[in-house]
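Chain residues, written in single-letter form:
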Amino acid sequence: SSSIASSSSVVLPAGYADYIDDFEDGDSLAFTGGIWYAYTDAADNGASTISNAKVKDRNGEDGYDVVLTADNESRNMAGMTGIRLSQGGNEYEPYVALGVKFNANESAYDLSACNTISYKYKGAGHNFKVETTGVIDYGYHQVVKSDADSWTMVTLSWDMLNQPSWADEVTLNKKNVTKFTWEVKGDMKGTQPKKNFLSVDDVRCVGWSTKPFVPSSSSVARSSSSI
């Protein structure tokens, strides 16, 4: 009576979850207290766009509404819609991305108890990235996933994540995670993704758990709890 079971039958303490977010509360806050968001390559002079509604985030800054009504058995999901890649003045390949910050202030979060990462997705092929404080050249540890016509489950062990060949080699430190990112990236030929959307749901870390964050006026960055 003092515990609840997760969807994989792992028994967790009462009030705890091993989801980063399942989106069923309908807000843009992850269970860790960080925020879900999306961005384009505009900061690199690119011209890529998404059609998500523009909103002000909790800090009053311009952003996108990324928590959407789901088309699966879930109530909500995160996603990008109307993806259009355009290099513009970008020196490199065009991109758009969906992401989640573990802490609101983007500080490091301890996921050392997490054994495997999982999520469901539908739509565009993408680079799933684990961003950490140790990587300073944007060469984050990542894995490539292909287009998916229907909802597809991804289960990743940490050793499946690798840095791109051009990056300075850094050992992946699970104690220093700042973000998870789903990047849809194009090429300089102007090739568009076969799917112009990306939907993500049920993001989990098996072996780790947290009490889902409840926002308040005194909210501060949080660390994780493990089981």
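Just above sits the structure.
Definitions and limits used
- For every chain, the first residue of the written sequence is number 1, and numbering continues from 1 along that sequence.
- Reporting in this predicted model follows two pLDDT cut-offs: at least 70 for local features of residues, and 80 or more for side-chain atom pairs to be given and counted; totals over whole chains, interfaces and linings ignore these cut-offs and use all residues.
- Neither water nor hydrogens contribute to the side-chain values; these are computed over all heavy atoms in the structure.
- Stacked, edge-to-face and tilted are the three classes for Phe, Tyr and Trp ring pairs, Trp counted by its six-membered ring, which pair at centre distances within 6.5 Å; planes under 30 degrees apart are stacked, over 60 edge-to-face, the rest tilted.
- Placement of a positive charge over a ring is assigned whenever Lys NZ or Arg CZ falls within 6 Å of the ring centre and within 35 degrees of the normal to the ring plane.
- Under the DSSP-based scheme used, a helix requires at least four consecutive residues in state H or I and a strand at least two consecutive residues in state E, with every element numbered from the N terminus.
- Note on exposure labels: buried denotes an accessible area under 20% of the residue type's maximum, exposed denotes more than 50%, and partly exposed covers the range between, all computed with a 1.4 Å probe on protein chains only.
- Definition of a polar contact: a pair of N or O atoms within 3.5 Å, with one able to donate and the other able to accept a hydrogen when the atoms are protein atoms, and with sequence-neighbouring residues admitted only if both atoms are side-chain atoms.
- Here, the term nonpolar core denotes a set of buried Ala, Val, Leu, Ile, Met, Phe, Trp, Tyr and Cys residues that are joined through side-chain atoms within 4.5 Å.
- One requirement defines pairing of two strands: DSSP has to find at least two bridges between them.
- By convention in these notes, a salt bridge is any Lys or Arg side-chain nitrogen within 4 Å of a carboxyl oxygen on Asp or Glu.
- Contacts are assigned to residue pairs that have any heavy atoms within 4.5 Å of one another.
- Lines fitted to the C-alpha atoms define the axes, with helices restricted to the stretch that makes contact. Angles between their N-to-C directions range from 0 to 180 degrees.

In the structure shown here, the tally under the stated rule is 14 aromatic pairs. Here a set of aromatic residues connected by ring pairs shows up, and it is made of F23, W36, F102, Y109, Y119, Y121, F128, F180, W182 and W208. Against the face of Y37 rests K101, its NZ or CZ located 5.2 Å from the ring centre.

So, on to the environment of R204. The residue R204 is located in strand β15 (residues 198-206) in this model. Overall, the relative accessible area of 8% leaves R204 in the buried class. A polar atom in the side chain of R204 sits 2.5 Å from the side chain of D18.

In this structure, W36, L111, I117, F128, F180 and W182 are the most contacted members of the largest nonpolar core, which totals 43 residues. Only β4 (36-40), β8 (76-80), β9 (95-101), β10 (116-123), β11 (126-132), β13 (148-157), β14 (177-185) and β15 provide two or more residues apiece to this core.

Among the 5 residues of β8, 5 are classified as buried, and the element is accordingly described as predominantly covered. With burial as the criterion, each face of β8 is covered, one bearing N76, A78 and M80 and the other bearing M77 and G79. Direction of pairing for strand β7 (residues 67-69) relative to β8: antiparallel, over a ladder of 3 bridges. Looking across to β8, one finds that T69 is bridged to N76. Connecting the antiparallel pair β7 and β8 is a turn made up of 6 residues. In the sheet, β8 pairs with β15 via 3 bridges, with the strands oriented antiparallel. Bridged to A78 within β15 is V200.

Time to look at the pattern of salt bridges. Inspection of the entire model under this criterion finds 8 salt bridges. Here R204 makes a salt bridge to D18, at a shortest N to O gap of 2.5 Å. Separated by 186 residues along the polypeptide, R204 in strand β15 and D18 in the loop between β2 (11-13) and β3 (19-21) bring together distant segments of the chain. Among the salt bridges present, the one from K120 reaches D202, with a minimum N-O distance of 3.0 Å. Of this pair, K120 sits in strand β10 while D202 is found in strand β15, placing the two residues 82 residues apart along the sequence. Among the residues examined, K120 registers a relative accessible area of 27% and is labelled partly exposed. A relative accessible area of 13% places D202 in the buried class.

The next thing to look at is the side chain of N127. Position of N127 relative to the elements: it lies in strand β11. Excluding residues that lie within four positions of it along the chain, N127 makes contacts with Q142, V143, V144, T181, W182, E183 and K185.

Moving on, we get to the sheet that holds β14. Taken in spatial order, the 5 strands make up an open sheet running β4-β9-β14-β11-β12, and their pairing is antiparallel. Every interior strand has two partners, whereas the edge strands, β4 and β12 (141-145), have only one. With direction set aside, neighbouring strand axes in the sheet form an average angle of 20°. Alignment of β9 against β14, held across 7 bridges, turns out to be antiparallel. If you follow G99 over to β14, its bridge partner there is T181.

Assignment of secondary structure puts T191 in the loop between β14 and β15. Classification of T191 as partly exposed rests on a relative accessible area of 42%. Discounting residues that sit within four places of it in the chain, T191 has contacts with L85 and G186. Of note is the side chain of T191, whose polar atom sits 3.0 Å from the side chain of D187.

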